[in-house]
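Examining the three-dimensional arrangement
Spelled out from the first residue to the last, the chains are:
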Amino acid sequence: MFYRENGQFKTSYRADQQIFPIAQDRWVILALIAFAFIGIPAMVDEYMYRAILIPFLILSLAALGVNILVGYCGQISLGSGAFMAVGAYMAYNTYIRIEGVPLILALLSGGFFATLVGIFFGIPSLRVKGLYLAVATLAAQFFCDWAFLRISWFTNNNASGSVSVSNLSVMGLPVGTPVEKYLFCLSFLVVFGLLAKNLVRSAIGREWMAIRDMDVAAAVIGIRPVYAKLSAFAVSSFIVGVAGALWGFIHLGSWEPAAFSIDRSFQLLFMVIIGGMGSIMGSFFGAAFIVVLPIFLNQFLPVFGEVFGIGISTATVSHVESMVFGALIVWFLIVEPHGLAKLWSIAKQKLRLWPFPH
Amino acid sequence: MAFFLEALFGGLMAGMLYSLVALGFVLIFKASGVFNFAQGAMVLFAALAMARFSEWVPGWLGIDSQFLANVIAFVLAGACMFVLAWTIERLVLRHLVNQEGVTLLMATLGITYFLDGLGQGIFGSDIYKIDVGMPKDPVFLLDSVFEGGVMINLEDVYAACIAALLVFVLSMFFQKTTTGRALRAVADDHQAAQSIGIPLNRIWVIVWFVAGLTALVAGIIWGSKMGVQFSLTTVALRALPVIILGGLTSVPGAIIGGLIIGVGEKLSEVYVGPMVGGGIEIWFAYVLALVFLLFRPQGLFGEKIIDRV
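Model, not experiment: these values are computed from the prediction.

For chain B, the helix and strand inventory stands at twelve helices and two strands. Order of helices (α) and strands (β) in chain B, N terminus to C terminus: α-α-α-α-β-β-α-α-α-α-α-α-α-α. A globule of 309 residues ought to have a C-alpha radius of gyration of about 19 Å, and chain B, at 20 Å, matches this closely. With respect to the three principal axes, the spread of C-alpha positions in chain B is 65 × 60 × 35 Å.

This is the structure in structure tokens:
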């Protein structure tokens, strides 16, 4: 009744091809963004920002980048953590080595260097595919882990091997309190989300999808695999690199290579798969799921144990947590291999008929 | 020269152990097309089971002999791996037939988390040791040729022999038995195998069980070498370039790949490492495999990849 496009006539191609052709979608998204910018800062406390909201925003940005590569272009990558690391460390180096460089420029330069590294490690994708490629991208992961740990130039010759930034500000405005950090990340996410959405529905996005669906056939109809694959690697690692820089600068403040280990790569891939491959919306769902689930389990399990009169030790909690996490992931893959985004679109279809199915 | 030989032998032995872990990967990939990331977790799980059972069994049954306790523990750990294989087939694989490779890969990652939690939840998360009576003393060979001789760990030699034996037994099993033939048929073509009456589900249980057993053997060897602890799971990550190099579907490839990676890692660490600050063995294997892939995308012995539209 409420979610119907009846009566919304399009009189121009422009109107027909907009991102959200249905007026209700448009309003809901606008309302959501307005709520995120205005509503949330008025409601939540500091813990919420630090533990959930900021990680969620940054990781959904990273998941967005991974989704472009994995979901849209079909190149499985287990090296996303490495691209995040490149983003973070190169942004750090730009920030401290060039006097007076604006924060945003430093973050973007992190993305730029991540792009270079991404293109370099994307070259094997021209020869190898699928699972072989997945393992090949692990080379990026291990190499970057090693490089940032051992080559002291990247950490500005810091003896402890960890780097830190402080007193961040953008155009005179400080980025220090959780609210400011939250708004800063949110602005980044909105801009990049819009950018990604427009990219994937443009000519290049269609090329990526053709390559994903069948690369030989795509090459036959005149899509250049080299260009399509490497551009997917470039765009993806740019976004992932910026997310990595945000993760280091805004979320962590001081970090070492372990923050971008292989577990991070797996985590990002989980987000993409659980959220839905080849869906911008899915990246957000996946990130929310993966960020919230461990926190939820951590809070919930001891309570659950008390109900049954079992005192659960901290070690047991962490073991059970990892078991439940693993089991949930498997369960999710079984019941909905296409991810949360698929559930979302099913729900939308149902909503169009509701409440009068005839 | 003696130093070079020592490094070479060390590399070969380490390579043999890598190939042991890699074998588990290859077996499962051949038979079910699943890239089993959980192999590392299975190694840890099996090793934990073995270590703890051999500790508990003397108390339960009142046996004094360490040997007997080890045998019983081995059988029990093997039984655990069977139950595990059956459960995985029943609860996971059966429901994921015909899914894409990456979905299956993610499912095995889920299994990895589950197994890590389960194994440490049941068996504890400290460092345990496995004592199966492997000799710890180094021996010196070729005393007459080089001064001081070439030092070799007898333990490594034993481990390599066990690995070689296991490989031999496995290839016999694949070539000569009816089940082995059925496994190869399934590996070739799921549908065709099913249409001539090979029960896919049972084959999967068998193959996961066999992979579980190789994980157990690998776990025992690695465990007695460096203690049973969480870091055993990283052994699996070290074995990944091995299968890429050798080819995902080839058992001999896993062996040769393991040897190449083992030697390459060791020699590079010894000769190139000091120049760039050390610790390069972590990524060297991957980069080696990567460079190799550029020239032979299917690995050394993998089946040729043919693309059709």
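What follows continues from the structure just given.
In this section: the interface of chain B and chain A. Interface size is commonly expressed as the accessible surface area that is lost when the partners come together. Taken together, the contact pairs 39 residues of chain B with 37 residues of chain A. Broken down by element, the side of chain B that touches chain A gets its largest block of residues, 17 residues, from helix H4 (residues 101-123) of chain B. A per-class count over the side of chain B that touches chain A returns 25 nonpolar, twelve polar and two charged.

Moving on, we come to the confidence of the model for chain B. Residue and element names in this part refer to chain B. Across chain B, the average pLDDT comes to 81, with 93% of residues at or above 70. Looking over chain B, one finds the lowest element-wise mean pLDDT in strand S1 (residues 138-141), namely 66, and the highest in helix H3 (residues 66-91), namely 89. For this predicted complex, the interface score ipTM comes out at 0.82, alongside a pTM of 0.88.

For the rest of this paragraph, the subject is the packing of helix H5 (residues 154-176) of chain B against helix H8 (residues 200-226) of chain B. All names here are of chain B. It is the contact of H5 with H8, at a shortest axis distance of 11 Å, that shows an interaxial angle of 175 degrees. In terms of orientation, H5 lies roughly antiparallel with respect to H8. Taken together, the residues of H8 that come into contact with H5 (itself represented by Glu155, Ala159, Ile162 and Leu166) are Thr214, Val217, Ile221 and Lys225. Residue composition of the contact of H5 with H8, by class: five nonpolar, one polar and two charged.

A few words on the nonpolar core. The biggest cluster of nonpolar side chains holds 209 residues, and the ones touching the most others in it are Leu61(A), Leu246(A), Val43(B), Ala46(B), Ala47(B), Met50(B) and Val207(B). The contacts of Leu246(A), once residues within four sequence positions are left out, are Ile58(A), Leu61(A), Leu107(A), Cys185(A), Phe188(A) and His251(A).

Moving on to the environment of Gly24(B). Residue and element names in this part refer to chain B. As for its placement among the helices and strands, Gly24 is situated in helix H1 (residues 2-32). Overall, the presence of 30 C-beta atoms within 10 Å leaves Gly24 in the buried class. Sequence separation between Gly24 and Ser250 is 226 residues, and the spatial gap between their C-alpha atoms is 11 Å. Every residue in contact with Gly24, bar those within four places of it in the chain, is listed here: Gln39, Met42, Ala211, Thr214 and Ala215.

Right, let's get into the environment of Ala140(A). All names here are of chain A. Here Ala140 is to be found in helix H6 (residues 130-150). Residue Ala140 is classed as buried on the basis of its C-beta count, with 30 C-beta atoms lying within 10 Å. With 19 residues separating them in the primary sequence, Ala140 and Phe121 have C-alpha atoms 6.5 Å apart. Residue contacts for Ala140: discarding those within four places in its chain leaves Gly79, Ala82 and Phe121.

All names here are of chain A. With their axes 8 Å apart at the nearest point, helix H4 (residues 80-97) and H6 run at an angle of 30 degrees to one another. The orientation of H4 relative to H6 falls into the category roughly parallel. Both H4 and H6 take part in a crossing whose hand is left-handed. Listed contacts from H6 to Gly81, Ala82, Ala85, Val86 and Tyr89 of H4 are Ala140, Gln141, Cys144 and Phe148. Classifying every residue of the contact of H4 with H6 gives seven nonpolar, two polar and no charged.

Conventions adopted
- Residues numbered from 1 in each chain as written.
- Chains lettered and ligands numbered in written order.
- Predicted model: local features only at pLDDT ≥ 70, side-chain atom pairs only at ≥ 80, totals over all residues.
- Helix = DSSP H or I, 4+ residues; strand = E, 2+ residues; numbered from the N terminus.
- Rg over C-alpha atoms; globule rule 2.2 N^0.38 Å.
- Contact = placed C-beta atoms within 7 Å.
- Nonpolar A, V, L, I, M, F, W, Y, C, P; charged D, E, K, R; others polar.
- pLDDT = per-residue confidence, 0-100.
- Axes fitted to C-alpha atoms, helices over the stretch in contact; angles between N-to-C directions.
- Parallel < 35°, antiparallel > 145°, perpendicular 65-115°, else oblique.
- Core = buried A, V, L, I, M, F, W, Y, C linked by C-beta atoms within 7 Å.
- Buried ≥ 20, exposed ≤ 12 C-beta atoms within 10 Å, placed from the backbone.
- Left-handed = near helix turned anticlockwise from the far one by under 90°.

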